[in-house]
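One-letter residues, chain by chain:
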Amino acid sequence: MSLQQQPALEPEEAPAAAVGAPVPAASAPARARSSRSRLTLRRFARNRLALVGIGLLVLLFLLAWVGPLVDKWGYDDLDFDSFLQSPSGNHWFGTDQAGSDLFAQTCRGLQKSLIIGILVGLIVTTLAAVTGACAGYFGGWVDRVIMWVVDLLLVMPSFLLIAVLSPVFQGATWLIFVVLLAAFSWMITARVIRSMTQTLKDREFVKAAKYLGVPTWKIIGRHILPSMASLLIIDAVIQVSVAIIGESGLSYFGFGIQPPDVSLGTVIAAGTSSATTYQWLFWFPAACLVMVGLAIAFIGDGLRDALDPNAAGARARIKKPRGGKAGSRTRKPSSGPTGVPAARTESLGAE
């Protein structure tokens, strides 16, 4: 009698994921971050002033970098046939006492002011984040030393110090001026970040990372500072505006950008004495400076409302539906399991 061996069964294939099956837990954080980003963008897009600020800032960047490409005059060119000429087809913003084209000088000054403002904003926010987080996390003598430096710089008159140090670096690169502005602008933000770090370091996720042996710099860089991302973003935007105004003020008094280079402050200073007689010498560069400040202020307010759900500007406006009360929507009665109609009212959320 012969035994017939059964053929080996192939392993069954895993069933395909059904439609509507729950998403693995590993993708939940990524999905949460994506939904939060979309919500932040919707809140920001709902703020009309923030959109106006972005539009103004884009126009100013185009004026600063595209304007010199379409203008036939350079910021250091002189037209000896046109002194104090009003705006015309040859000179769009007019000329000054020396025959320099004011449009070219305004574009050059806007370039310099925007570059200095962006660099100072990034340096100040980064320096404040690192020093404040280290002081709050480590505590002890590290905290005392950093806070001593912060308190010392806060009581020192930064404007006068930069004015005194500016002639020492005269003739050097303008990046020295960026370092001077950034060195006296980070202290208040550092104190705020220090206080927030002292609260966050006692949270469970920070303690868990510490017990797992995660290095300190990774805990600060990956756990503590990302928790303050909204504050850091808003602070960086505000610091850009503060740096531009501060640079223009110093350059106005002759302590900032030095000739032959120009900034908005030097162009405004050159036209101040003629503001009532030859108005274009003053109002064109002054209007650019005002628009920069307004644009960044509008963007900062929009970011604050978008990143802070408790801000008044972040709340959605509930429209009143036709034939009903605002904030609620009543569906038709539906019969329940006992045959008794049950009215269902849903309140409309803010988002």
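Residues numbered from 1 in each chain as written. Predicted model: local features only at pLDDT ≥ 70, side-chain atom pairs only at ≥ 80, totals over all residues. Heavy atoms only, no water.

**Here's the deal with the overall build of the chain**
Within the chain, the secondary structure is distributed over 13 helices and 4 strands. Expressed as a percentage of its 351 residues, the buried residues of the chain come to 36%. Across the chain, contacts joining residues at least 24 apart in sequence account for 66% of those joining residues at least 6 apart. Entry remark: accessible area of the chain is about 21500 Å², with carbon and sulfur atoms responsible for 64%. (Helix = DSSP H or I, 4+ residues; strand = E, 2+ residues; numbered from the N terminus. Buried < 20%, exposed > 50% of the residue type's maximum accessible area, 1.4 Å probe, protein only. Contact = heavy atoms within 4.5 Å. Areas by Shrake-Rupley, 256 points an atom, 1.4 Å probe, with all protein chains shown as cover.)

**Some words on the side chain of T189**
Tracing the chain through its elements places T189 in helix α8 (residues 187–200). Within the structure, T189 has its side chain in polar contact with the side chain of D235 (distance 2.8 Å). (Polar contact = N/O pair within 3.5 Å; in protein donor to acceptor, adjacent residues only side chain to side chain.)

**Considering the packing of aromatic side chains**
Aromatic ring pairs are reported here in terms of the distance separating the ring centres and the angle at which the planes meet. Throughout the structure, instances matching the rule amount to 9 aromatic pairs. Residues Y278 and W280 carry aromatic rings whose centres are separated by 5.6 Å and whose planes lie at 75° to one another, so their mutual orientation is edge-to-face. By relative accessible area, Y278 is classed as partly exposed at 32%. Given a relative accessible area of 14%, W280 falls into the buried group. Ring geometry for F282 versus W283: centroids 5.0 Å apart, planes at 85°, classification edge-to-face. Residue classification places F282 among the buried residues on the basis of a relative accessible area of 19%. Aromatic ring contacts, followed pair by pair, group W92, F93, F103 and F284 into a single cluster. (Phe/Tyr/Trp six-rings, centres within 6.5 Å; stacked < 30°, edge-to-face > 60°.)

**Side note on the packing of helix α4 (residues 102–138) against helix α7 (residues 175–183)**
Interhelical geometry of α4 versus α7 gives an angle of 45° and a closest axis separation of 9 Å. The orientation of α4 with respect to α7, classified from their angle, is oblique. Between α4 and α7 lies a crossing whose hand is right-handed. Where α4 approaches α7, its residues I116, L119, V120, I123 and V124 are matched on the opposing element by L175, F177, V178, L181 and A182. The residue makeup of the contact of α4 with α7, split by class, is 10 nonpolar, no polar and no charged. (Axes fitted to C-alpha atoms, helices over the stretch in contact; angles between N-to-C directions. Parallel < 35°, antiparallel > 145°, perpendicular 65-115°, else oblique. Left-handed = near helix turned anticlockwise from the far one by under 90°. Nonpolar A, V, L, I, M, F, W, Y, C, P; charged D, E, K, R; others polar.)

**Overview of the pattern of salt bridges**
Enumeration according to the criterion identifies 6 salt bridges in this entry. A salt bridge links D143 to R194; its shortest N-O distance comes to 2.7 Å. Separated by 51 residues along the polypeptide, D143 in helix α5 (residues 140–155) and R194 in helix α8 bring together distant segments of the chain. Comparing D143 with R194 shows no difference in burial state: the two are buried. Across the salt bridge formed by R304 and D301, the nearest N and O atoms sit 4.0 Å from each other. A residue pair is termed a helical-turn pair when its members lie 3 or 4 positions apart in one helix, as R304 and D301 do in helix α13 (residues 280–307) at 3 residues. The exposure class assigned to D301 is partly exposed, which follows from its relative accessible area of 37%. Connected via shared salt-bridge partners are R108, K112 and D261. (Salt bridge = Lys/Arg side-chain N within 4 Å of Asp/Glu carboxyl O.)

**Describing the nonpolar core**
Membership of the largest hydrophobic core comes to 24 residues, with the highest contact counts inside it found for L110, L114, I244, V292, I296 and L303. Sorting the residues of this core by element identifies α2 (48–65), α4, α11 (229–252), α12 (264–271) and α13 as the ones contributing at least two each. In terms of residue count, α13 provides more of this core than any other element does, 10 residues in total. Filtering out sequence-adjacent residues up to four positions away, I244 remains in contact with S113, L114, G117, L289, V292 and I296. (Core = buried A, V, L, I, M, F, W, Y, C linked by side-chain atoms within 4.5 Å.)

**A look at the confidence of the model for the chain**
Overall, the prediction assigns the chain a mean pLDDT of 80, with 78% of residues at 70 or greater. Segment residues 1–26 is flagged for pLDDT under 50; beyond a separation of four residues in sequence, or across chains, it makes 1 contact in the model. (pLDDT = per-residue confidence, 0-100.)

**Some details on the packing of helix α9 (residues 204–211) against helix α10 (residues 216–224)**
Closest axis-to-axis distance for the α9/α10 pair is 11 Å, and the angle between their directions is 150°. When the axis of α9 is compared with that of α10, the two are roughly antiparallel. Here the hand of the crossing between α9 and α10 comes out right-handed. Every residue of α10 that contacts α9 at F205, V206, A209 and K210 is listed here: I219, H223 and I224. Residue composition of the contact of α9 with α10, by class: 5 nonpolar, 1 polar and 1 charged.

**Some thoughts on the side chain of E247**
Relative to the assigned elements, E247 resides in helix α11. No salt bridge is formed by the buried E247, whose closest oppositely charged neighbour, K112, lies at an N-O distance of 8.8 Å. One polar contact links E247 to S113, side chain to side chain, over a distance of 3.1 Å. Leaving out residues up to four positions away in the same chain, E247 has contacts with S113, I116, F177, L181, I257 and S263. (Lys, Arg positive; Asp, Glu negative; His and termini not counted.)

**A closer look at the environment of G136**
The topology assignment puts G136 in helix α4. Accessibility expressed as a relative area gives 1% for G136, which makes it buried. As a C-alpha pair, G136 and M196 span 60 residues in sequence and 7.7 Å in three-dimensional space.

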